[in-house]
Amino acid sequence: MSIRNELFALAARALEALPPLRIRRILIADPRPAPDREAEFGLLSFEDGSVGLYYAWLGESQSDMPERFDPADLRRRSPLELARYYLGNSDAERSVGLAAINAVTDAVYRAAGHELAAAPDSMGGMNLEPDDRLGMIGNFPSLVRRARERGVEVNVVERKQHMLGETSGVRITLDPGVLRDCNKIICTGATLLNDSLDEMLAYCADAELIALIGPTVGFFPDPVFARGIDIVGGTRIIDAEGAAERLETGKNFGDSAVRTVITPADYPGFNRLLENARAGAESR
């Protein structure tokens, strides 16, 4: 089963178990990427304060989202309908669908009283040594800089042609084969939107540590742990209205969000979470 089908199936099971979730706000980003700007994100929130995000800088594949998706129309749909967009054939549809799945996941965490650990850094706690070879699936300029400060060589697999090139210790290429020579991997959550995660992981079989990182990574991590990912680093919104207002004015999350990290050792698993969420909902 593809990871898209797995994530949708988990969200569908969660929606069956939870009391009805009502959509409060949907923010469809109209991004204008620039080197001197922070990345932008779309947002979907429920009345209980749960929030899901999607990365909005994929490029042309998302450029028509403000015209295709009317937030008022989307709010009239059920959370299950919105989550089903993740099974669609376009990056735009998958963006809306994954935001819904992420919001459902956050709703389960809340109902279950499950607190996520705070990430120690933007790498999810991945330790880098000078003799490591770091592979990146998607370009994280700030993380590339941090790796180079530690003397680590970096190979980046990127789809955007204008980013390609090679400088001292850093190679940005279209060829995923470079990942085979890397012992540690950082993968962007955008691979869940452009449907490339399973393809990319096939090149990472020999890596000793793989981290999946980004604000888009807010879903139940069971399917990615089953695929050999060791660290899931995401962003949890703690102030839904504040986050939406900041995103609408082109700002970053600020104190409306916290970075989180999940590993297989500290994750109870979907079934236990759902049991706890159901019990928590029944006790209210």
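Structural data are supplied above this passage.
My aim in this report is to walk through the structure given alongside it, one point at a time. (Residues numbered from 1 in each chain as written. Predicted model: local features only at pLDDT ≥ 70, side-chain atom pairs only at ≥ 80, totals over all residues. Heavy atoms only, no water.)

Looking at the nonpolar core
What counts, and what does not: Put simply, buried Ala, Val, Leu, Ile, Met, Phe, Trp, Tyr and Cys residues joined by side-chain atoms within 4.5 Å make one nonpolar core. Here's how the labels work: a residue is buried when its accessible area is under 20% of the maximum for its type, exposed when over 50%, partly exposed in between, all with a 1.4 Å probe on protein chains only. The contact definition used throughout considers only heavy atoms, calling two residues in contact when any of these lie within 4.5 Å.
Core analysis: the biggest nonpolar cluster contains 84 residues, and Leu192, Leu197, Leu212 and Phe219 have the highest contact counts within it. If we skip the residues at most four places from it in the chain, leucine 192 touches Ile3, Leu7, Tyr86, Leu98, Leu197, Leu212 and Phe219. Grouped together as the second largest cluster of nonpolar side chains are 20 residues, Met136, Leu143, Val170 and Val261 included.

Side note on the sheet that holds strand β2 (residues 41-46)
Which entries qualify depends on this criterion: What makes two strands pair is DSSP finding at least two bridges between them. Helix and strand assignments come from DSSP, with helices taken as H or I runs of at least 4 residues and strands as E runs of at least 2, each series counted from the N terminus. Comment: axis = line fitted to C-alpha atoms, over the contacting stretch for helices; angle = value between 0 and 180 degrees taken between N-to-C directions.
Within the open sheet, the three strands sit side by side as β1-β2-β3. Their pairing is antiparallel. Each of the sheet's edge strands pairs with one partner strand only, and the pair in question is β1 (23-27) and β3 (51-55). With strand direction ignored, the average angle separating the axes of adjacent strands in the sheet is 10 degrees. In the sheet, β2 pairs with β3 via five bridges, with the strands oriented antiparallel. Bridge pairing in β3 places leucine 43 opposite leucine 53. Contacts from helix α5 (residues 91-112) reach β2 and β3, with the element oriented near 150 degrees to β3. Set on the sheet, helix α9 (residues 240-248) makes contact with β1, β2 and β3; between it and β1 the angle comes to about 20 degrees.

Some details on the environment of tryptophan 57
Rule in force here: Identification of polar contacts relies on pairs of N or O atoms within 3.5 Å, with a donor-acceptor requirement for protein atoms, meaning one able to donate a hydrogen and the other able to accept it, and with residues adjacent in sequence counted only if both atoms are side-chain atoms.
For tryptophan 57, the location among the structural elements is in the loop between β3 and α2 (65-68). You can call tryptophan 57 buried: its relative accessible area is 11%. Note: C-alpha distance between tryptophan 57 and alanine 29 (28 residues apart in sequence) is 9.3 Å. Residue contacts for tryptophan 57: discarding those within four places in its chain leaves Pro31, Arg32, Pro33, Ala34, Arg37, Glu38, Ala39, Glu40, Gln62 and Lys160. A distance of 3.2 Å separates polar atoms of two side chains, one belonging to tryptophan 57 and the other to glutamate 40.

Considering helix α1 (residues 3-17)
Where we set the bar: The span expected for a helix works out to 1.5 Å for each residue beyond the first.
Compared with an ideal rise of 1.5 Å per residue, which puts 15 residues at 21 Å, α1 spans 21 Å between its outermost C-alpha atoms and is within 8% of the ideal. The complete set of buried residues in α1 reads Ile3, Arg4, Leu7, Phe8, Leu10, Ala11, Ala12, Ala14, Leu15 and Ala17.

Points about the packing of aromatic side chains
The condition that has to hold: Any pair of Phe, Tyr and Trp rings, taking the six-membered ring for Trp, is counted once the centres come within 6.5 Å. Such a pair is stacked with planes under 30 degrees apart, edge-to-face with planes over 60 apart, and tilted for the rest.
Taken as a whole, this structure holds six aromatic pairs when the rule is applied. Arranged with centres 6.4 Å apart and planes meeting at 75 degrees, the rings of tyrosine 109 and phenylalanine 220 form a pair that is edge-to-face. One end of the pair, tyrosine 109, is in helix α5; the other, phenylalanine 220, is in the loop between β10 (209-213) and α8 (222-226), and 111 residues separate them in sequence. With a relative accessible area of 1%, phenylalanine 220 lands in the buried category. Here the aromatic rings of phenylalanine 225 and tyrosine 267 are separated by 5.9 Å at their centres, their planes lie at 65 degrees, and the arrangement is edge-to-face. Pair noted here: phenylalanine 225 is in helix α8 and tyrosine 267 is in the loop between β12 (257-262) and α10 (270-282), with a separation of 42 residues, a long-range link. The structure contains a cluster of three or more aromatic residues connected by ring pairs, namely Phe41, Tyr55 and Phe253.

Interpretation in functional terms is not warranted from these geometric data alone.
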